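# Summary of structural features
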Amino acid sequence: MRSRNPVFSRRGFSRDNGYAGFNAAPQAGGPAVATQANPYAQGAQGNPYAQPPADNPYAQNPYAQPDQQFGAGPQAPATTGRMTMDDVVVRTASTLGVLVVTAALAWALLPVDDANIGRSYGIGIGAALIGMVLALVQSFKRKPTPALILSYAAFEGVFLGVVSSVVDNRIADGAAMQAVIGTMAVFAGVLVAYKAGWIRVNRRFYGFVMAAALGFVLLMMVNLLFAVFGGGDGLGFRSGALGVVFGVIGVILGACFLALDFKQVEDGLAYGAPREEAWFAAFGLTLTLVWIYLEFLRLIAILNSND
C-alpha cells in the first residue's frame, strides 16, 4: 500500500499499482517494459489514462502502417501528449528558477543586521509556513497544479534566502555557496550511481527510506518540542557532535530521495505518463534539493559554531 503521507509518499506516476511502478518497473540498463505491468498501458487494469479498446481510434485504422520488418500488425501513430525528458527538465528548471530568484531577492531586500534580523526572520518563517501549506495541498491533489508548485517555490525561496543570509553573514562566511556546491555534488553523484545501476530502487529500498525518513522527522520534531518548551538545544540532535551525525544522516536520506525521484521520472517516461505529470517530477525534485541544501547549511553552521 502506498503511503498517503504528503511528505513521504513521493508521488509516483502509478496511481493504483504501487509506488512508481515497482511491480515491474525498469531501471537504467534493465529489461524492456512489459505492457502487462505498465500502469499506463492502454487497457491496463487500474490505469486512469487507459482508453477502452472500443474507443481506440487506431484499432481498425486504415492509415496505420504495418511493421514490415517483423510482420507485425498495423501500428498506431505515436501517442502525443506524453511526458518527455525535455518536459521534466523545463519544468524543473522553471520551479528551481523561481526559487532561486525569490531567494536572491530575499537576501538582498531583507537585511539580517541587529536592527532588522527579527523582522526579516519573521518574514522568512512566515514564508516557510505558507510554502509548507501549499506543498501539502499539492501533495494531496491527484493532478499537479503548476500555480501551486510555482507558488510553493516562490515562498520557499524567500525562506531559504533569509536563512542562508543569516548563516552566511552571522555564522559562517560563504556557507550558502558551500551548501549549493554540496547539493549539486550529491545530485550529480546520485544521478551517476543510478544510471550506472549501483543504486537499485525497489520496494525494499522504498520501504527502508520511508521508515528511516519518518523516524528522522519524528526525532527532529521531538527535539524541537524540547527546545521550545525546555529551552536550549532540546535533546541536542541539532548541535555539537550529535548534530553533525544527524546532519550527515539527513544528507544521506536526501540522496535516497533523489534516487526515488529519478525512479519516478524513469517510470513516467517508460510508461508514457501524461505530460502534466512532469510537474510532479519537478515538485519532487525541488522538495528533495531543498531538503539536501538545508541539511548542508545546518551542517556548515554546526561545524563553524564549534570552532
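Please refer to the structure higher up on the page.
This paragraph deals with the overall build of the protein. Tallying secondary structure elements over the protein gives 7 helices and 2 strands in all. Going from the N terminus to the C terminus, the protein shows its helices and strands as β-β-α-α-α-α-α-α-α. Counting the 307 residues in the protein, one finds 45% classified as buried. Restricting to contacts in the protein with at least 6 residues of sequence separation, those with at least 24 account for 75%.

Side chains that carry opposite charge are capable of pairing whenever their charged atoms lie near each other. Overall, the coordinates contain 5 salt bridges when judged by the stated rule. Linking Asp 114 and Arg 170 is a salt bridge whose minimum nitrogen-to-oxygen distance equals 3.0 Å. Remark: Arg 170 occurs in helix α3 (residues 146-170) and Asp 114 occurs in the loop between α1 (85-109) and α2 (117-140); sequence separation between them is 56 residues. Here Glu 295 makes a salt bridge to Arg 298, at a shortest N to O gap of 3.2 Å. Here Glu 295 and its partner Arg 298 are both found in helix α7 (residues 278-305), 3 residues apart, which amounts to about one turn of the helix. Residue Arg 298 is classed as partly exposed on the basis of its relative accessible area of 30%. Taken together, the shared-partner salt bridges connect Asp 87, Arg 91 and Arg 275 into one network.

Along the chain, Tyr 194 turns up in helix α4 (residues 175-195). Given a relative accessible area of 2%, Tyr 194 falls into the buried group. Separated by 65 residues in sequence, Tyr 194 and Ala 259 have C-alpha atoms that sit 6.7 Å apart.

A few words on the nonpolar core. Core analysis: the largest hydrophobic core is formed by 53 residues, its most contacted members being Val 186, Val 190, Phe 205, Leu 258 and Leu 260. Breaking this core down by element, the ones donating at least two residues are α2, α3, α4, α5 (203-230), α6 (240-270) and α7. Looking at this core element by element, the count peaks at 13 residues for α7. Excluding residues within four positions of it along the chain, Phe 205 makes contact with Ile 199, Arg 200, Cys 256, Ala 259 and Leu 260. Counting residues in hydrophobic clusters, the runner-up holds 7 residues, among them Ala 106, Val 112, Ala 127 and Val 162.

With that out of the way, let us pick up the environment of Phe 159. Take Phe 159: it is sitting in helix α3. Residue class for Phe 159 comes out buried when judged on its relative accessible area of 15%. Not counting residues up to four positions away in its chain, the partners in contact with Phe 159 are Gly 124, Ile 125, Ala 127, Ala 128 and Leu 294.

The rules behind the values
Residues numbered from 1 in each chain as written. Predicted model: local features only at pLDDT ≥ 70, side-chain atom pairs only at ≥ 80, totals over all residues. Heavy atoms only, no water. Helix = DSSP H or I, 4+ residues; strand = E, 2+ residues; numbered from the N terminus. Buried < 20%, exposed > 50% of the residue type's maximum accessible area, 1.4 Å probe, protein only. Contact = heavy atoms within 4.5 Å. Salt bridge = Lys/Arg side-chain N within 4 Å of Asp/Glu carboxyl O. Core = buried A, V, L, I, M, F, W, Y, C linked by side-chain atoms within 4.5 Å.

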